[in-house]
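Inside the fold
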Amino acid sequence: MAIVVDLDVMIAKRKLKLNDLSEMVGITPQNLSILKTGKAKAIRFSTLNELCRVLECSPSDILRYESD
C-alpha cells in the first residue's frame, strides 16, 4: 500500500502508551494497534481528528504517501 502510517512515531514522540492513547481518543487498543501497524483498510475522519487533537499534530504527521 502506498499510504504509510507513522502513528508509532508520534506515540513515541509524545511518550504515550497505546492503551492511554486509545482511552484519550475513544477507540479500542486493538483498533489503534491495527491502525498503528498499517494493517487498517480505512480510517474515519472523526478518528483522525481525535488523534490529531490528542497528539497535537496534523494528519501529515500520521499519514504519508510513498510511491511504489
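Relevant structure appears above.
Now for a quick tour of the structure. (Residues numbered from 1 in each chain as written. Predicted model: local features only at pLDDT ≥ 70, side-chain atom pairs only at ≥ 80, totals over all residues. Heavy atoms only, no water.)

Some thoughts on the pattern of salt bridges
On inspection of all chains with the given rule, the structure shows three salt bridges. Between Glu-66 and Arg-64 there is a salt bridge, and its shortest N-O distance comes to 2.7 Å. Taking the relative accessible area as the measure of exposure, Arg-64 reaches 35% and is therefore partly exposed. Beyond isolated ion pairs, a larger network of salt bridges with shared partners links Asp-6, Arg-64 and Glu-66. (Salt bridge = Lys/Arg side-chain N within 4 Å of Asp/Glu carboxyl O. Buried < 20%, exposed > 50% of the residue type's maximum accessible area, 1.4 Å probe, protein only.)

A look at the nonpolar core
Of all hydrophobic cores here, the largest spans 16 residues; its most connected members are Leu-7, Leu-21, Leu-51, Leu-55, Cys-57 and Ile-62. Of all the secondary-structure elements, those providing two or more residues to this core are helix H1 (7-13), helix H2 (18-25), helix H3 (29-36) and helix H4 (45-55). No other element matches the five residues that H4 contributes to this core. Residues in contact with Leu-21, not counting those within four places in the same chain, are Ile-11, Leu-16, Leu-32, Leu-51, Val-54 and Leu-55. (Core = buried A, V, L, I, M, F, W, Y, C linked by side-chain atoms within 4.5 Å. Helix = DSSP H or I, 4+ residues; strand = E, 2+ residues; numbered from the N terminus. Contact = heavy atoms within 4.5 Å.)

Considerations on the side chain of Asp-6
Secondary-structure assignment places Asp-6 in the loop between strand E1 (3-5) and H1. The contact partners of Asp-6, leaving out residues within four places of it in the chain, are Asp-61, Ile-62 and Arg-64.

Considerations on the packing of H2 against H4
Orientation of H2 relative to H4, taken along the N-to-C sense of each, is 115°, at an axis distance of 9 Å. The element H2 and its partner H4 pack so that their crossing is right-handed. Of the residues in H4, those in contact with Leu-21, Met-24 and Val-25 of H2 are Thr-47, Glu-50, Leu-51, Arg-53, Val-54 and Leu-55. For the contact of H2 with H4, a count of residues per class yields six nonpolar, one polar and two charged. (Axes fitted to C-alpha atoms, helices over the stretch in contact; angles between N-to-C directions. Left-handed = near helix turned anticlockwise from the far one by under 90°. Nonpolar A, V, L, I, M, F, W, Y, C, P; charged D, E, K, R; others polar.)

Side note on the environment of Glu-50
Tracing the backbone shows Glu-50 in helix H4. Among the residues examined, Glu-50 registers a relative accessible area of 22% and is labelled partly exposed. Taking the C-alpha atoms as reference, Glu-50 lies 14 Å from Pro-29; in sequence the two are 21 residues apart. In this structure, Glu-50 is in contact with Met-24 and Val-25, ignoring residues within four places of it in sequence.

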